[in-house]
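Listed below are the residues making up each chain.
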Number of protein chains: 2
Amino acid sequence: MSQEPHLTFDFDALGSSAGHLIIPGGSDHDELRIPVSSINRGSGPCVLITAGCHGNELEGPVVAQRILEWLPVHLQRGRVIVVPVINPLALRSFTRNTPVDGLNLNRTFPGRRDGSITERTAYAICRLLLPAADVIFDLHSFGPLWNFPPSTTTIPIADAKLLSDTVRVAESFKLPMTMVWEHPEAPGMFDVIAHNGGKIFVCPEFGGGMVNPKDLDIYEAGVRNALIHLELIGGESEYPLYHEKRSGRLLETRRSSDELSSPVAGIFEPRCSVLDEVEAGDVVGRIYPLGDGASAMIEIRAPNKATVYAVRSSAYVDAQEQVVLFARDMTDHSLESLRLSVIPSA
Amino acid sequence: MSQEPHLTFDFDALGSSAGHLIIPGGSDHDELRIPVSSINRGSGPCVLITAGCHGNELEGPVVAQRILEWLPVHLQRGRVIVVPVINPLALRSFTRNTPVDGLNLNRTFPGRRDGSITERTAYAICRLLLPAADVIFDLHSFGPLWNFPPSTTTIPIADAKLLSDTVRVAESFKLPMTMVWEHPEAPGMFDVIAHNGGKIFVCPEFGGGMVNPKDLDIYEAGVRNALIHLELIGGESEYPLYHEKRSGRLLETRRSSDELSSPVAGIFEPRCSVLDEVEAGDVVGRIYPLGDGASAMIEIRAPNKATVYAVRSSAYVDAQEQVVLFARDMTDHSLESLRLSVIPSA
């Protein structure tokens, strides 16, 4: 494997241009050709919009395609690079990880030049797309097994100014939730590589993964709102309608204390909905063990007062598998403590 | 394999009794113990309620468990046998088919005494549970990949009286839809074996497979309504609330003309909802091909005036894969033509 990844077109040309990011072939897979579009008006920030990192999260690729339909007419300054599907092999198999090497692209950054196909893809993105960007929107969904409100998320960032700038851009999407998410699996995430380069990285997350028209409209409106905030396009931003409200909240969720798991294997029946406010002791779900014996139904209760952020759906869950994720309003104090709890990334 | 399937308790005892249906072990799998409950008040019809035939359809097993909580107190006459999970191996792997032999239990009836584990299960059900029943409710869901209104369904039946009796019991659930479903894969279905024995067989189907509390309440209310109609329990039946309505419609759908498929592989975006009334030419979905090239989005249109019965969700679909299923109001004329189109089953 001696080939270098490359782009098939003049990537920095002014105006609209499009071509492919070429991931060189290797022993595990032939060359991959990933469609890339660039709309460049010169001075101003550069936003990189990526989607399709996980192949079972389909809203992002559709939204990225939709944005490409109107962006060339509306972009006034700066530059937007759009890659609707950064992991086409995972998308075609409708799986989170790449089927060829079993790797999660979002745990593989910065990748390896001579690695497996997922590692070569991460390497090419870092080498050829990331350097041009000041701001990255990596469009995710929360998979088909969760109910989840439309949100923008960021992991905690050690650099106080970068965290504050990131939260401001995340809030500019005007989605119902902006979430600072304590995440234990940081190594290899696209976020961390971007933070190390001093870049703003926002990850919108949408629940359900059902690709329904209402969610797509909210998702697209969120990206448009952020581009208005960055003064790349004109227009007025507004909160999209969700659960009969137009509003946004800044929340935090912590791995240690905000996850509720099933004590046993069984069918999980939710007894709460996303954005419900619950008190300690409220029943939020039931497990039906349905084993060999006549095991009784087990109630699952909220450990603390909290907001329901995500609810598991459609699943036979294993013992200790997560079924509800809670969140709490972010305060200046909690923002500070989150900063202190992370390993410096820059 | 010389063992016979058997029940571990006095199956025909009056009152409430419970135990296991034993599926003998074989070369592919050890003995299976399937929990069975019987509540017997003597004279009156016997209803067999089965669920968990397909392991990724989880509403039925929860509803069957819930019914067992109140039925012993409320059953006034006749008998109800409840088997919350007839295919526990598929349930535990959250797959439609049994993982051990790859078979679809609902295409395996009447099974084989010395067959694989799925065939032995079908054999045991036919041998030991089915003979006692006059009426069977086999609780299904429409899997996690479809949006679908709560419905009771029957396949067409050659025997005019049995079809009419079946439709009457199906309508007694008072779900939003009662559907006569022309189905090409009849061989091996539980329905067909029951029809051959002159029994009423109703298959409730629920969409989404998300196990949400509202769907479970509608599902449970439907079964209760049918038991009231059969005069096994007291009380008043009423239409559950669905899409802000309390109503029921009798519809038909035919394999040949009511299925709409994607012309190409891509991400399907629904542009219609279940129960929408569409005219010929209305856009009901879009496909985003997202291949190597810059393929444009493709609109999918309704071929005829119809009611939207089921909409695909959450999926990268292949070319020729079904994305929308339509239905039309059932008329006396169409009921007659459906009867003529089926192969006599008795």
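## Let's talk about the overall build of chain A
Consideration 1: The helix and strand tally for chain A stands at 7 helices and 19 strands.
Consideration 2: Here chain A has a C-alpha radius of gyration of 21 Å; the compact-globule value for 346 residues is 20 Å, and the two agree.
Consideration 3: In terms of its C-alpha atoms, chain A occupies a principal-axis envelope of roughly 65 × 50 × 40 Å.
Consideration 4: Buried residues in chain A amount to 58% of all 346 residues.
Consideration 5: The contacts of chain A with a sequence gap of at least 6 include a subset with a gap of at least 24, amounting to 72%.
Consideration 6: Taking the average place of the 30 positive charges on the side chains of chain A and the average place of its 43 negative ones, the gap between the two points comes to 2 Å.

## What to know about the relation of the copies chain A and chain B
Consideration 1: Superposition record for chain A on chain B: RMSD 0.0 Å, screw rotation 180°, translation along axis 0.0 Å. Taken together, the rotation and translation relating the two chain copies correspond to the operation of a two-fold axis. Every residue of chain A has its C-alpha some distance from the rotation axis, and the shortest such distance is that of P144 of chain A, at 4.3 Å.
Consideration 2: In this assembly the copies share their binding face: 100% of the residues contributing to the interface of chain A also contribute to that of chain B.

## Topic: the packing of helix α1 (residues 59-74) of chain B against helix α6 (residues 213-229) of chain B
The packing of two helices is summarised by the inter-axis angle and the distance between the axes.
Residues and elements named next belong to chain B.
Consideration 1: As a packed pair, α1 and α6 sit with axes 10 Å apart at the nearest point and diverge in direction by 55°. When the axis of α1 is compared with that of α6, the two are oblique. In this structure, α1 crosses over α6, and the sense of that crossing is right-handed. Residues E59, G60, V62, V63, R66, I67, W70 and L71 of α1 touch α6, and the partners they reach there are L216, D217, Y219, E220, V223, R224 and L227.

## Focus: unusual backbone geometry
Consideration 1: Look at the link from F109 of chain A to P110 of chain A: it is a cis peptide, with omega at 5°.
Consideration 2: Summarising the element assignment, P110 of chain A is placed in the loop between α2 (88-93) and α3 (117-129).
Consideration 3: Despite not being glycine, K174 of chain A shows a phi value in the positive range, around 55°.
Consideration 4: Counting through the fold element by element, K174 of chain A comes out in the loop between α4 (160-172) and β9 (177-181).
Consideration 5: Residue K174 of chain A is classed as partly exposed on the basis of its relative accessible area, which comes to 22%.
Consideration 6: You will see that L275 of chain B, though not glycine, has its phi angle at about 80°, which is positive.
Consideration 7: Relative to the helices and strands, L275 of chain B is located in the loop between β13 (266-270) and β14 (277-278).

## A look at the environment of T95 of chain A
All names here are of chain A.
Consideration 1: In this fold, T95 is placed in the loop between α2 and α3.
Consideration 2: In this structure the C-alpha to C-alpha distance between T95 and G55, which are 40 residues apart in sequence, comes to 4.8 Å.
Consideration 3: Apart from residues lying up to four places away in sequence, T95 is in contact with H54, G55, N56 and A90.
Consideration 4: Within polar-contact distance, the side chain of T95 engages the side chain of S93 at 2.6 Å.
Consideration 5: Side-chain polar atoms of T95 contact the backbone oxygen of N97, separated by 2.7 Å.

## Focus on the domain arrangement of chain A
Residues and elements named next belong to chain A.
Consideration 1: For chain A, the domain assignment lists domain 1 (6-253) and domain 2 (257-328).
Consideration 2: Centre-to-centre, using C-alpha coordinates, domain 1 lies 31 Å away from domain 2.
Consideration 3: Facing the 18 residues of domain 1 at the interface are 18 residues of domain 2.
Consideration 4: Roughly 1500 Å² of surface becomes buried between domain 1 and domain 2 when both sides are summed, with 61% attributable to carbon and sulfur atoms.
Consideration 5: Considering only the side of domain 1, the residues that lose the most area to domain 2 are L145, W146 and N147, jointly responsible for 37% of the buried surface there.

## Observations concerning the pattern of salt bridges
Consideration 1: Under the counting rule described, the total for this entry stands at 49 salt bridges over all chains.
Consideration 2: Residue R79 of chain A is joined to D12 of chain A by a salt bridge in which the shortest nitrogen-to-oxygen separation is 2.9 Å. Taken together, the residues span a long stretch of sequence, with R79 of chain A in strand β5 (residues 79-83) and D12 of chain A in the loop between β1 (6-7) and β2 (15-23) at a distance of 67 residues.
Consideration 3: Judged by relative accessible area, which is 7%, R79 of chain A ranks as buried.
Consideration 4: A salt bridge links R286 of chain A to E269 of chain A; the nearest nitrogen and oxygen atoms lie 3.6 Å apart. Taken together, the residues span a long stretch of sequence, with R286 of chain A in strand β15 (residues 283-288) and E269 of chain A in strand β13 (residues 266-270) at a distance of 17 residues.
Consideration 5: Residues participating in the shared-partner salt-bridge network are R66, D217, E220 and R224 of chain A together with E269, R271 and R286 of chain B.

## Notes on the sheet that holds strand β18 (residues 316-317) of chain A
Residues and elements named next belong to chain A.
Consideration 1: Strands sit in the order β16-β15-β13-β18 across an open sheet of 4 strands; the sheet is antiparallel. Only two strands of the sheet have a single neighbouring strand rather than two, namely β16 (298-301) and β18.
Consideration 2: For β13 and β15, the ladder comprises 4 bridges, and the chain directions are antiparallel. By the bridge assignment for β15, E269 is matched with R286.

## So, the sheet that holds β13 of chain B
Residue and element names in this part refer to chain B.
Consideration 1: Spatial ordering of the open sheet is given by β16-β15-β13-β18, a layout of 4 strands whose pairing is antiparallel. At either margin of the open sheet sits one strand with a lone partner, and together these are β16 (298-301) and β18 (316-317).
Consideration 2: Judged from the 2 bridges that link them, β13 and β18 form a sheet pairing that is antiparallel. Bridge assignment links I267 to a residue of β18, and that residue is Y316.

## A word on the environment of L230 of chain A
Residue and element names in this part refer to chain A.
Consideration 1: On the secondary structure map, L230 appears in the loop between α6 (213-229) and β11 (249-253).
Consideration 2: Considered as a pair, L230 and R77 are 153 residues apart in the sequence and their alpha carbons are 9.8 Å apart.
Consideration 3: Other than its neighbours up to four places away in sequence, L230 contacts P45, V47, R77, V135, F137 and V169.

## So, α1 of chain B
All names here are of chain B.
Consideration 1: With 16 residues, α1 extends 22 Å from end C-alpha to end C-alpha; this agrees with the ideal 22 Å at 1.5 Å per step.
Consideration 2: Along α1, the largest kink reaches about 35° and is centred on L68; proline P72 follows within four residues of it.
Consideration 3: Taken as a whole, α1 has its buried residues at E59, G60, P61, V62, V63, A64, Q65, R66, I67, W70 and L71.

## Here we look at the packing of aromatic side chains
Consideration 1: For the coordinates displayed, the defined rule picks out 22 aromatic pairs over all chains.
Consideration 2: Here the aromatic rings of F9 of chain B and F11 of chain B are separated by 6.1 Å at their centres, their planes lie at 85°, and the arrangement is edge-to-face. Taken individually, F9 of chain B and F11 of chain B each receive the classification buried, so the pair is uniform in this respect.
Consideration 3: Between F142 of chain B and F148 of chain B, the aromatic rings sit 3.9 Å apart at their centres with planes inclined by 25°, giving stacked as the arrangement.
Consideration 4: The class for F142 of chain B is buried, based on a relative accessible area of 18%.
Consideration 5: With relative accessibility at 5%, the residue F148 of chain B sits in the buried group.
Consideration 6: Chaining the aromatic ring pairs together yields one cluster made of F142, W146, F148, W181 and Y309 of chain A.
Consideration 7: Taking NZ or CZ as reference, R224 of chain B lies 5.1 Å from the ring centre of W70 of chain B, over its face.

Procedures and definitions
- Residues numbered from 1 in each chain as written.
- Chains lettered and ligands numbered in written order.
- Predicted model: local features only at pLDDT ≥ 70, side-chain atom pairs only at ≥ 80, totals over all residues.
- Heavy atoms only, no water.
- Helix = DSSP H or I, 4+ residues; strand = E, 2+ residues; numbered from the N terminus.
- Rg over C-alpha atoms; globule rule 2.2 N^0.38 Å.
- Buried < 20%, exposed > 50% of the residue type's maximum accessible area, 1.4 Å probe, protein only.
- Contact = heavy atoms within 4.5 Å.
- Lys, Arg positive; Asp, Glu negative; His and termini not counted.
- Charge placed at Lys NZ, Arg CZ, Asp CG, Glu CD.
- Least-squares fit on C-alpha atoms with pLDDT ≥ 70 in both.
- Axes fitted to C-alpha atoms, helices over the stretch in contact; angles between N-to-C directions.
- Parallel < 35°, antiparallel > 145°, perpendicular 65-115°, else oblique.
- Left-handed = near helix turned anticlockwise from the far one by under 90°.
- Polar contact = N/O pair within 3.5 Å; in protein donor to acceptor, adjacent residues only side chain to side chain.
- Domains from an automatic or database assignment.
- Buried area = accessible area lost by both parts, 1.4 Å probe.
- Salt bridge = Lys/Arg side-chain N within 4 Å of Asp/Glu carboxyl O.
- Pairing = 2+ DSSP bridges.
- Expected span 1.5 Å × (residues − 1).
- Bend = angle between axes of the 7 residues up to and from the residue.
- Phe/Tyr/Trp six-rings, centres within 6.5 Å; stacked < 30°, edge-to-face > 60°.
- Lys NZ or Arg CZ within 6 Å of the ring centre and 35° of its normal.

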